[in-house]
Amino acid sequence: MSKKSFRQAINEALRQEMERDPTVILMGEDISGGTGAPGEQDAWGGPMGVTKGLFTQFGESRVLDTHLAEISFIGAAAGAATTGLRPVAELMFNDFLGTCLDQVMNQAAKFRYMFGGKAQTPLVIRTMYGAGVRAAAQHSQSLYSMVTHIPGLKVVVPSNPYEAKGLLIQSIRDNDPVIFFEHKVLYDMEGEVPDEPYAIPFGQANVTREGDDVTIVAIGRMVNFANAAADALKRQGISCTVVDPRTTSPLDVETLIETVEETGRLVVVDEANPRCSMATDIISTVASRAFDALKTAPLAVTAPHTPVPFSPALEDLFIPSQMKIEEAVRAVMARESNRAAAE
Amino acid sequence: MSKKSFRQAINEALRQEMERDPTVILMGEDISGGTGAPGEQDAWGGPMGVTKGLFTQFGESRVLDTHLAEISFIGAAAGAATTGLRPVAELMFNDFLGTCLDQVMNQAAKFRYMFGGKAQTPLVIRTMYGAGVRAAAQHSQSLYSMVTHIPGLKVVVPSNPYEAKGLLIQSIRDNDPVIFFEHKVLYDMEGEVPDEPYAIPFGQANVTREGDDVTIVAIGRMVNFANAAADALKRQGISCTVVDPRTTSPLDVETLIETVEETGRLVVVDEANPRCSMATDIISTVASRAFDALKTAPLAVTAPHTPVPFSPALEDLFIPSQMKIEEAVRAVMARESNRAAAE
Amino acid sequence: MASALQLSRDDLLKAYRDMRTIREFEDSIHDEFGLGGIPGFVHLYAGEEACAVGVCMSLTDRDAISSTHRGHGHCVAKGCDVEGMMKEIFGKRDGLCQGKGGSMHIADLSKGMLGANGITGAGGPIACGAALSAKLLKTGGVAVCFYGDGSSNQGAILESYNLSKIWNLPVVFVVEDNGYAEATASSWSIGGGSLVKRGGGFGLPAEEVDGHDFFAVYEAAAAMIERARSGQGPSLLHVKLARYYGHFEGDAQTYRAPGEVDKVKSERDSLDLFRQRVIETGLLNGGDLDAVDKEVEGTVVAAIAAAKASSLPTEADLLTNVYVSY
Amino acid sequence: MASALQLSRDDLLKAYRDMRTIREFEDSIHDEFGLGGIPGFVHLYAGEEACAVGVCMSLTDRDAISSTHRGHGHCVAKGCDVEGMMKEIFGKRDGLCQGKGGSMHIADLSKGMLGANGITGAGGPIACGAALSAKLLKTGGVAVCFYGDGSSNQGAILESYNLSKIWNLPVVFVVEDNGYAEATASSWSIGGGSLVKRGGGFGLPAEEVDGHDFFAVYEAAAAMIERARSGQGPSLLHVKLARYYGHFEGDAQTYRAPGEVDKVKSERDSLDLFRQRVIETGLLNGGDLDAVDKEVEGTVVAAIAAAKASSLPTEADLLTNVYVSY
Ligand SMILES: Cc1ncc(C[n+]2csc(CCOP(=O)(O)OP(=O)(O)O)c2C)c(N)n1
Ligand SMILES: Cc1ncc(C[n+]2csc(CCOP(=O)(O)OP(=O)(O)O)c2C)c(N)n1
Ligand SMILES: [Mg+2]
Ligand SMILES: [Mg+2]
């Protein structure tokens, strides 16, 4: 166990799985960097340096720079996954899903079902999401809801370095196509991460805070905001449970329901746009399956229904904040529901 | 006013808008058909004959067959829309969104916001959705939830010929990009449709049945199932309100809330896959904003979390049915909520 | 270069049997579809047999192909079980894909048949992926990507040309140019007019071949497959041929010239040409071929009967195989 | 063919002013970025000036261009207001896009500048659309699509070649081949090695040109633009050039050869070459050019000051302009 950044945790997960299993390969735009160029190969390690050093260790038959054309290399990763390799493909920004969605949605995700269970597609697509670095409308989206909608895909959204390593190892070992979302603001986050390999199973939420008054469910980076909000609220006398679902597909519905049964109140924090999103998914699930446990209306803290604005002045308002979470929790605490009144 | 099919209603809307406004053009794969071929031009009118005759009337500068490559022609429609034309592009099946989503999501949808309000993109993408004709996993999806998630797009899902004509005319006159979803099973549906042009405004739901016990909200083709279920349930002594939102973006939240305030119970019917869907969107919206009006847990009737199976035996089970809607309504009526008990 | 005339008697009989099986299969489906027994969309391969069979003659199970919406021919040529295919097309539980796929999604990965595909051009990247597996896992295998003239303009295909070239993948692109994408002529839709030049623009050695002539296809494809197998990289085969039926069953085909198909059938039918050639050269005799015709007819009749008799999937099947079960 | 040496004195001064403005703009942003004043990702165009300006010299406001993530140069060349651009890059409310777009999304539709673009290759279809508008609305306009060597492999671009050809659109594809896509060499990533042959594979007349030489770019582009304008369809210009800074600000550039950029700067700098050429031929004199240098420096300094001084958007701006208001 030692302190590692989110970036290092991912790098280590990749390295250890590649050491363990020779069929694990990486591909992506400049995941090595320098291919064909006169200077250093392994010059980049991806735009954020996440895969740095892996080319040097594993060579060009395991760490493949691609051309700049996502349909073909993401699709090739899917095709390779059905024919014996376990590719981890990097889709640099999740915003680029638009260029290659067919290969993800209609090919990789559907092979197994469409072919009557006869195909296996152990593909991982690592991709960067989220706002916060002033990267504007086409490099800042949070699109996990879109892929969660699609049956056949598993969707992972780690919230810290420990989670990142364990969930990525599980993603690589999993025999279904997995989309692994890395928040660009988290790469420098540090945390305790075991040196040895470990896998965190899918569909098992992590309860990061336990409380009596309100359940806060948060996704990815937002888990950290929710934890901070819960800690602050505790000092204000409101005790919150915080749930990190870890995977949005499969979703650990049981834990959501259990915790809401204990608290009776729900706030969902989701950095994505609000319509047809994980926020609506979780609220709808709880409202449908744990309605009687709810003391008052659930509340969502999300981005507005707008593209991500560039200007820092606007982007800061776009992203859910600890403050907004605290306000939402206080709001659900304050609401006197008819039901409570009737009781 | 005369009886017309859904197909005819769309054809008429296109024809009348093209007659009214010379900047309205159509483009798509074989929307005329026969381009470059030795036989008849206007040989197809689209795979379902929806645009048949328009080439003959308007000629090749208004009705453009494209090559078989969606990124470029859907993107060209977006580019043309920002530079003076009002293109209605046909994306043959909504399942093909995967091939061209970038142009829809990152270009057309975002131009206006990203460019500080200076771009206008009066683009319509007509597309076919839905299960029911044994077209299997890649030609049967219902993907309106996916585009509803994206700010900047308006999303229209007409339920019958009257709605189709009025909503398509509105779509063409609207200055934002609109995705217009046509259910393939509805093309032969007949209904009364005025001969003259008319526009149905966006964001105004249509209440097709009024009742006291349960609000059923249904999307597209499902509205007809919901109406039939409501009629059958009426004979069983359960009186339902049926709401057709008409547009999923913008969504008429007020009507949803008003009707639930009257009935206290909600069933949502959505042919799409269940996760991060319109079903969750509507349930979440009502649970968040009209919680105190709800007497019991809302219920969703949706497709399962699977691709669309080919075999008729399975596809019929995949699609929500009138029977399943009736069951759901009876289930919410039967539920004795804690709240009711406490009251 | 592999010469088709050096093929063994067994190989020639296999080639003819596969072509005849495809023809019989498609003609029968055309009839059954007319009778209303077959659900969904069906795109028939009749007329194009020499392409699938001519190419797949040089492949074994370790080699992979990606196919199209018009995939029955590729399936037969790559060794898929005909009865399993027929059951699949009828939506039956013991079809090749348990009835979940249907005509547009027949696959048999154990045979290297990676799937028919309802998305035009989508097979390009998939074939590249299979070729990458073959290359990195050193299986000695190659991948073949079949696609149509219309599909040849898809970004998925065009990007795949480039990826295969720069990664030096063992893949062969086989364009089946039947003159039309649905109702649109390939003479109009292919900018520049030449897929050989198109291939050249990506550094792919390319060649045009008469797709009605099994021997021509076989020889050209064998050379490209051999090239790929020996590590010399990708290439492109532009196959000119004709489809005998409409784009899908139900297509009125008014975009075609009158007599267009009849002319091909009488002058350039792939089965007739094959028969003529092998008899002329004395490689096989008429009796050999008649025997195959008869055998194949029996196979297809039996497959249809079996498909009709077999049972449908049940409710429990709806939810299985979305994910791997652990 | 248009000869650059026949350009008027005013045109030459404008060309130099635009190139100098781009250089000054980019050098200043490099400095400001280093100081921490500029948010987000910035990709600088310094070194490539002769391309944007050489092409856009033949365009007017009725003509459209689609641009890239490296779009500042195209914006200046197409007539965008420099102060408005600078304010946008600083995220200010009276930037060209109200601060909502930033460096990667500067647009000014009134000038025919359809937008920088964060999605590589996405400008291809958009330029085709603008060309379609020009053609059908008979505006006499043309569209130019700028994109990089890496982006030239995107399906969006490759499909656009074909669409423009079969629709005979008035569009010119201008590949800015600066040798790299991020850290990947174009000599590796372009299968077949020749974008002229690549264009030919789609029936596009194509030509390679030295992108440091304004006059060469101008002449080649003018001919292609004239070709498009007169209804003769699309073509492709492969422009070889070099970027002076990293892929984005912050790139350590270890993939480049030592001294690579210095060599270009000293031997093939577009501003130096221009200066040399016009002075040698007596078209302008050193004083003319020095005056422009000074003027431009003032403009950019003022733009930065204005950008720093201007105010940020406010909460109310967050929700506007998602849709048209009625
Ligand atoms: C991405 C996509 N776009 C459109 C279609 C609809 N479609 C199915 S087949 C076809 C024509 C294909 O033509 P071609 O590639 O020449 O193959 P052929 O049918 O002639 O064998 C079209 C447009 C599709 N299936 N997928
Ligand atoms: C669809 C997409 N994929 C990847 C990227 C990330 N990216 C931004 S610029 C770039 C390289 C572009 O290279 P090139 O086209 O040569 O243009 P240059 O930067 O050299 O001007 C990449 C990979 C992107 N913006 N969009
Ligand atoms: Mg064809
Ligand atoms: Mg470049």
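Every chain is numbered on its own, with residues counted from 1 as its sequence reads. Following the order in which they are written, the chains are lettered starting with A and the ligands numbered starting with 1. Totals for whole chains, interfaces and linings use every residue, but because this is a predicted model, local features are given only for residues with pLDDT of at least 70 and side-chain atom pairs only at 80 or more, for both listing and counting. Excluded from the side-chain calculations are hydrogens and water; all other atoms, namely the structure's heavy atoms, are used.

Enquirer: Just checking my understanding: could you explain the overall build of chain C for this structure?
Expert: The numbering of helices and of strands both runs from the N terminus, where a helix is a DSSP run of H or I of at least 4 residues and a strand a run of E of at least 2. A count of helical and extended segments in chain C gives 13 helices and seven strands. Whereas a compact globule of 326 residues would reach a radius of gyration of roughly 20 Å, chain C reaches 19 Å, a difference of no more than 12%. Seen through its C-alpha atoms, chain C measures out along the principal axes to roughly 55 × 50 × 40 Å. Between buried and exposed lies partly exposed: a residue is buried under 20% and exposed over 50% of the maximum accessible area for its type, with that area taken using a 1.4 Å probe on protein chains only. Going through the 326 residues of chain C one by one, you find that 67% of them count as buried. Contacts between residues were defined by any pair of non-hydrogen atoms, one from each residue, lying within 4.5 Å. Contacts in chain C between residues at least 24 apart in sequence constitute 73% of all its contacts with a sequence separation of at least 6. For the radius of gyration, the atoms used are the C-alpha atoms, and the globule rule reads 2.2 Å times the number of residues raised to 0.38.

Enquirer: Even after reading the chapter, I still don't get the domain arrangement of chain A, so can you show me in this structure?
Expert: Interface size is commonly expressed as the accessible area that is lost once the parts come together. All names here are of chain A. The source of the domain bounds is an automatic or database domain assignment. When its domains are assigned, chain A resolves into domain 1 (2-193) and domain 2 (206-342). Between domain 1 and domain 2, the C-alpha centre-to-centre distance is 28 Å. The largest contributions to the domain 1 side of the interface with domain 2 come from Arg 134, Tyr 144 and Ser 159, which together make up 27% of the buried area. In the sections that follow, a salt bridge refers to a side-chain nitrogen of Lys or Arg positioned within 4 Å of a carboxyl oxygen of Asp or Glu. In this structure, the connection of domain 1 to domain 2 is made through three salt bridges. Salt-bridge contacts for Glu 163 lead to Arg 246; the nearest nitrogen and oxygen are separated by 2.6 Å. Of all the secondary-structure elements, those providing two or more residues to the side of domain 1 that touches domain 2 are α6 (144-148), β6 (154-156) and α7 (161-173). Under the grouping applied here, Gly and all other residues not named as nonpolar or charged are polar, the nonpolar ones being Ala, Val, Leu, Ile, Met, Phe, Trp, Tyr, Cys and Pro and the charged ones Asp, Glu, Lys and Arg. Considered class by class, the residues forming the side of domain 1 that touches domain 2 number 16 nonpolar, nine polar and three charged. Buried area: the accessible surface (1.4 Å probe) lost by two parts on joining, summed over both.

Enquirer: Is there a simple way to think about the site of ligand 2 in this case?
Expert: The full set close to ligand 2 counts 22 residues, and Glu 70 of chain A together with His 69, Arg 70, Gly 118 and Ser 151 of chain D are the nearest of them. Pairs of N or O atoms are called polar contacts if they sit within 3.5 Å, as long as, within protein, a hydrogen donor faces a hydrogen acceptor (for residues adjacent in sequence, only side-chain-to-side-chain pairs). The separation between a nitrogen atom of ligand 2 and a polar main-chain atom of Gly 118 of chain D is 2.7 Å. Separating an oxygen atom of ligand 2 from a side-chain N or O atom of Asp 149 of chain D is a distance of 2.9 Å. Throughout, the Shrake-Rupley method with a 1.4 Å probe supplies accessible areas, and for residues the shown protein chains are the sole cover considered. In isolation ligand 2 has 580 Å² of accessible area, and contact with the protein removes 97% of it. The class makeup of the residues in the shell around ligand 2 is six nonpolar, eleven polar and five charged. Residue proximity to a molecule or strand is established when one non-hydrogen atom of the residue lies within 4 Å of it.

Enquirer: What am I meant to see in the relation of the copies chain A and chain B here?
Expert: Taken together, a rotation about one axis and a shift along it account for how the two chain copies relate. For the pair chain A and chain B, the relating rotation is 180°, the translation along its axis is 0.0 Å, and the fit reaches an RMSD of 0.0 Å. Viewed as a symmetry operation, the transformation between the two copies matches a two-fold axis. The residues that chain A uses at the interface reappear at the interface of chain B in 100% of cases, marking a shared surface. For this overlay, a least-squares fit was computed on C-alpha atoms, restricted to residues scoring pLDDT of at least 70 in both copies.

Enquirer: Explain the coordination of the magnesium ion (ligand 4) here, please?
Expert: Octahedral metals with six donors have ideal donor angles of 90 or 180 degrees. Tetrahedral metals with four donors have an ideal donor angle of 109.5 degrees. Residues and elements named next belong to chain D. For Na, K and Ca the donor cutoff is 3.2 Å, while for all other metals N, O and S atoms must lie within 2.8 Å; water is not among the atoms, so some sites may look incomplete. Donor atoms from the polypeptide that coordinate the magnesium ion (ligand 4) comprise Asp 149 (OD), Asn 178 (OD1) and Tyr 180 (O), at 2.0 to 2.1 Å from the metal. One chain supplies every donor for the magnesium ion (ligand 4), spaced along it as D-x28-N-x1-Y. Within this pair, whereas Asp 149 is found in the loop between β2 (143-148) and α6 (155-166), its partner Asn 178 is found in the loop between β3 (171-177) and β4 (180-181), the two being separated by 29 residues in sequence. Judged by relative accessible area, which is 8%, Asn 178 ranks as buried.

Enquirer: How do you make sense of the pattern of salt bridges when you look at a structure like this?
Expert: Charged atoms that come close allow side chains of opposite charge to pair. Evaluation of the coordinates by the stated rule reveals 72 salt bridges over all chains. Here Asp 188 of chain A and Arg 7 of chain A are joined by a salt bridge, their closest N and O atoms 2.7 Å apart. Placement of Asp 188 of chain A in the loop between β7 (178-183) and β8 (190-193) and of Arg 7 of chain A in helix α1 (residues 6-20) is noted, with a sequence separation of 181 residues between them. For Asp 188 of chain A, a relative accessible area of 59% gives the class exposed. On the basis of relative accessible area, Arg 7 of chain A is assigned to the partly exposed category, the value being 22%. The partner of Arg 20 of chain D in a salt bridge is Asp 293 of chain D, with the nearest N and O atoms 2.9 Å apart. Here Arg 20 of chain D, found in helix α1 (residues 9-35), pairs with Asp 293 of chain D, found in helix α12 (residues 286-309); they are 273 residues apart in sequence, far enough to count as distant. Judged by relative accessible area, Arg 20 of chain D falls into the buried class, the value being 17%. The class of Asp 293 of chain D is buried, set by a relative accessible area of 18%. Through salt bridges with shared partners, a single network forms among Lys 4, Glu 12, Lys 165 and Asp 195 of chain A.

Enquirer: Honestly, the packing of helix α8 (residues 222-235) of chain B against helix α12 (residues 322-334) of chain B in this entry has me stumped. Any pointers?
Expert: Any two packed helices are characterised by how steeply their axes cross, that is the angle between the axes, and by the distance between the axes. All names here are of chain B. Interhelical geometry of α8 versus α12 gives an angle of 55° and a closest axis separation of 9 Å. Comparing the axis directions of α8 and α12 gives the class oblique. Crossing angle aside, the handedness with which α8 passes α12 is right-handed. Between α8, through Phe 225, Ala 226, Ala 228, Ala 229, Ala 232 and Leu 233, and α12, the contact on the second element is made entirely by Gln 322, Ile 325, Glu 326, Val 329 and Arg 330. Angles here are taken between N-to-C directions and fall from 0 to 180 degrees, while the axes themselves are lines fitted to C-alpha atoms, restricted in helices to the stretch in contact. Oblique is the label for every angle not falling under 35 degrees (roughly parallel), over 145 degrees (roughly antiparallel), or within 65 to 115 degrees (roughly perpendicular). Left-handed describes a crossing whose near helix is turned anticlockwise from the far helix through less than a right angle; right-handed describes the clockwise counterpart.

Enquirer: How should the layout of surface pockets be read in this particular structure?
Expert: To find leftover empty space, a probe the size of one water molecule is rolled over the atoms. For cavity detection a 1 Å grid was placed over the protein atoms alone, and a set of points counts as a cavity when a 1.4 Å probe fits there but cannot get out; an open set counts as a pocket when protein lies on both sides within 12 Å along at least five of seven lines, with lining residues being those that have an atom within 4 Å of a point. Grid points are joined across faces, edges and corners, and a volume is the space filled by probe spheres set on the points. In this structure, the largest pocket spans a volume of roughly 680 Å³. Lining the largest pocket are 28 residues, with Pro 274, Thr 302, Ala 303 and His 305 of chain A together with Arg 289 of chain B positioned closest to its centre. When contributions to the lining of the largest pocket are tallied by element, the ones reaching two or more residues are α10 (278-289), β14 (299-302) and α11 (312-318) of chain A, α10 (278-289) of chain B together with α13 (315-318) of chain D. No other element matches α10 of chain B, which puts five residues into the lining of the largest pocket. Split by residue class, the lining of the largest pocket holds 16 nonpolar, seven polar and five charged. Size it by volume and the second largest pocket reaches roughly 570 Å³. Residue lining of the second largest pocket: 19 residues in total, with Thr 285 and Arg 289 of chain A together with Pro 274, Arg 275 and Thr 302 of chain B positioned closest to the centre. Those elements giving two or more residues to the lining of the second largest pocket turn out to be α9 (253-263) and α10 of chain A together with α10 and β14 (299-302) of chain B. Per element, the largest residue contribution to the lining of the second largest pocket is five residues, and it comes from α10 of chain A.

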